[in-house]
Amino acid sequence: IDMIWSVFRTPDQDPTTQTYAQLNANAEKRSKSCRSAQMPSLKHLKMRDYETVYEPSDDTYLLIDAIGYDLDLMDGQIASIIDRDDVPKLYRSEIKRTCEIGCGTGVPSVYLAMRLRAMTGGKTNNCNECNADTTKGKNDNGRESIMHYVTDINPDAIRIAKWTAEVNGIPLEEFHAIQCDLASKINDPVDVLIFNPPYVPTPDEEVGSNGIEASWAGGKDGRVVLDRALSDISRLLAFPHGVAYVVVVDDNYPEELAMIMNERYEIKVIPILRRRARNEFLTILRMTPTRMFQRKE
């Protein structure tokens, strides 16, 4: 297996610094120690739906594990930490608005919405993990609702994401699905941003459709769409508490990506969870702003 694995990696994908190599090692430790997030129900979908919308897979599972890990930190459910980056980045009182770019079935945003509603006393469906603490908080007793925005260029994804929210007990007045390119129609700052970009290296001409190909075709180094989204992430993350969760693979050169975000936008990037999945290493990058974005008047 290791001989087969080596075919899919090149030496230039290894970290160039000991610091980043240690961050990767810590992320792998976290992925082994964190609990597996419970998937929202997708019982409403049929196989034909996955002909036009990306079916949740290993990257989706790791993404919701990372979100769940930080929510568990926020909720005091993790007793020990791996390193100094294991500090709560999310605070329920500060989360008013979330956004997922390229939502597909809507699973990550629906999972986040279910967990947040459960932490403040709201009711959800189909999730023991989410309903475990429904006696806490005041979500159904006067507390302002959290608004969740999801975007996708694929109209089928917009329809299915709304359906996923509804099936899992998320009120549609709190869940807004918008068909657009990346986050072009989202203007206000968000407290949590989620992005599982098309990260597979492909010829650039395969990038940019509004069908199922848009969910995986990433162009050169799998970075064409992700690089376009960096300015959106920068302008949308609320300061100082905003946090983004972004899926990458080693083909995307995540260490270089972290340097770009730091140097160009002053956004700190660390790998929060990292796991081997078949022929690739999946990593969830946690991004947090270190300064307020300067908005043009």
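Scroll up to find the structure this text is about.
Residues numbered from 1 in each chain as written. Predicted model: local features only at pLDDT ≥ 70, side-chain atom pairs only at ≥ 80, totals over all residues. Heavy atoms only, no water.

*Asks:* Explain the pairing of strand E6 (residues 267-277) here, please?
*Replies:* Along any regular strand, the residues point their side chains to alternate faces of the sheet. Counted residue by residue, E6 has 8 buried out of 11 residues, so it is predominantly covered. Inspection of the sheet shows E6 paired to strand E7 (residues 280-289) by 10 bridges, in the antiparallel sense. Note on E7: the bridge partner recorded for isoleucine 267 is proline 289. (Buried < 20%, exposed > 50% of the residue type's maximum accessible area, 1.4 Å probe, protein only. Helix = DSSP H or I, 4+ residues; strand = E, 2+ residues; numbered from the N terminus. Pairing = 2+ DSSP bridges.)

*Asks:* Explain the sheet that holds strand E3 (residues 175-179) to me, please; I cannot follow it from the model alone.
*Replies:* Two orientations exist for strands paired in a sheet by backbone hydrogen bonds: parallel and antiparallel. One open sheet accounts for 7 strands, arranged E3-E2-E1-E4-E5-E7-E6; its pairing is mixed. The open sheet is flanked by E3 and E6, the only strands paired with a single partner. Each neighbouring strand pair of the sheet contributes to a mean axis angle of 20°, computed without reference to strand direction. Examined bridge by bridge, strand E1 (residues 97-101) and strand E4 (residues 192-195) share 4 bridges and lie parallel to one another. Bridging from a neighbouring strand, glutamate 100 pairs with isoleucine 194 of E4. Against the sheet, helix H7 (residues 224-236) makes contact with E4, strand E5 (243-249), E6 and E7, and its axis sits at roughly 175° relative to E4, the strand it touches most. (Axes fitted to C-alpha atoms, helices over the stretch in contact; angles between N-to-C directions. Contact = heavy atoms within 4.5 Å.)

*Asks:* What is the right way to look at helix H2 (residues 18-33) in this model?
*Replies:* Residues spaced three or four apart along an α-helix face the same direction, because each turn holds 3.6 residues. A rise of 1.5 Å per residue sets the reference length of H2, with its 16 residues, at 22 Å; its end C-alpha atoms lie 23 Å apart and thus fit the reference within 8%. Buried residues of H2: Tyr20, Leu23, Asn24, Asn26, Ala27, Arg30 and Ser31, and no others. Around the axis of H2, the buried residues are gathered within 165° of arc, so they sit on the same side. Turned more than 90 degrees away from the buried face of H2 sit Gln18, Lys32 and Ser33, all of them exposed. Lining the buried residues of H2 we find helix H3 (58-74), helix H8 (254-265), E6 and E7. (Expected span 1.5 Å × (residues − 1). Arc of directions from axis to C-beta.)

*Asks:* I'm lost on the nonpolar core in this one. Help?
*Replies:* Within soluble globular proteins, side chains that are nonpolar generally end up buried alongside one another. If you look at the biggest cluster of nonpolar residues, it comprises 37 residues, and the most contacted ones within it are Ile67, Leu71, Leu90, Val192, Tyr245 and Ile284. Elements with a minimum of two residues in this core: H3, helix H4 (107-119), helix H6 (155-167), E4, E5, E6 and E7. Here the element with the most residues in this core is H3; it accounts for 9 residues. Aside from chain neighbours lying at most four places away, what touches isoleucine 67 is Pro108, Tyr111, Leu112, Ile194 and Tyr245. Ranked by size, the runner-up nonpolar core spans 29 residues in total, among them Ile101, Leu236, Leu237 and Met261. (Core = buried A, V, L, I, M, F, W, Y, C linked by side-chain atoms within 4.5 Å.)

*Asks:* Where do I start with empty space enclosed by the protein in this structure?
*Replies:* Gaps left between atoms are located by rolling a probe of water-molecule size over the structure's atoms. A complete count under the given rule lists 2 cavities of 30 Å³ or more for this structure. Taken together, Ser234, Leu237, Tyr265, Glu266, Ile267, Pro289, Arg291 and Phe293 make up the full set of residues lining the largest cavity. In the lining of the largest cavity, the residues fall into 5 nonpolar, 1 polar and 2 charged. (1 Å grid on protein atoms, 1.4 Å probe; cavity = no way out; pocket = protein on both sides within 12 Å on 5 of 7 lines; lining within 4 Å. Points joined across faces, edges and corners; volume = space filled by probe spheres on them. Nonpolar A, V, L, I, M, F, W, Y, C, P; charged D, E, K, R; others polar.)

*Asks:* Sorry if this is basic, but what is going on with the side chain of serine 41 here?
*Replies:* Structurally, serine 41 can be placed in the loop between H2 and H3. At a separation of 3.3 Å, a polar atom in the side chain of serine 41 contacts the main-chain amide nitrogen of lysine 43. (Polar contact = N/O pair within 3.5 Å; in protein donor to acceptor, adjacent residues only side chain to side chain.)

*Asks:* Even after reading the chapter, I still don't get the pattern of salt bridges, so can you show me in this structure?
*Replies:* Oppositely charged side chains can pair when the atoms bearing their charge come close. Counting across every chain of the model gives 15 salt bridges. With its nearest N and O atoms 3.0 Å apart, the salt bridge here joins aspartate 232 to arginine 235. A residue pair is termed a helical-turn pair when its members lie 3 or 4 positions apart in one helix, as aspartate 232 and arginine 235 do in helix H7 at 3 residues. On the accessibility criterion, aspartate 232 (10% relative accessible area) is buried. The structure contains a network of salt bridges with shared partners spanning Glu28, Asp250 and Arg274. (Salt bridge = Lys/Arg side-chain N within 4 Å of Asp/Glu carboxyl O.)

*Asks:* For this particular structure, what's the right way to read the pairing of E1?
*Replies:* For E1, the tally of buried residues reaches 4 of 5 residues, placing the bulk of the element in the interior. In this structure, E1 lies alongside strand E2 (residues 147-152), joined through 5 bridges in parallel fashion. Note on E2: the bridge partner recorded for glutamate 100 is valine 150.

*Asks:* How do you make sense of the environment of alanine 244 when you look at a structure like this?
*Replies:* Locating alanine 244 in the fold gives a position in strand E5. The spacing of alanine 244 and methionine 287 is 43 residues in sequence and 4.9 Å in space, taken between C-alpha atoms. Not counting residues within four places of it along the chain, the set of residues in contact with alanine 244 comprises Leu193, Ile233, Leu237, Leu285, Arg286 and Met287.

*Asks:* Help me understand the layout of surface pockets in this model?
*Replies:* Estimated volume of the second largest pocket: approximately 240 Å³. The set of elements that each furnish at least two residues to the lining of the second largest pocket consists of H2, H8 and E6. Top element by residues in the lining of the second largest pocket is H8. It accounts for 5 residues. Class assignment for the residues of the lining of the second largest pocket results in 6 nonpolar, 4 polar and 3 charged.

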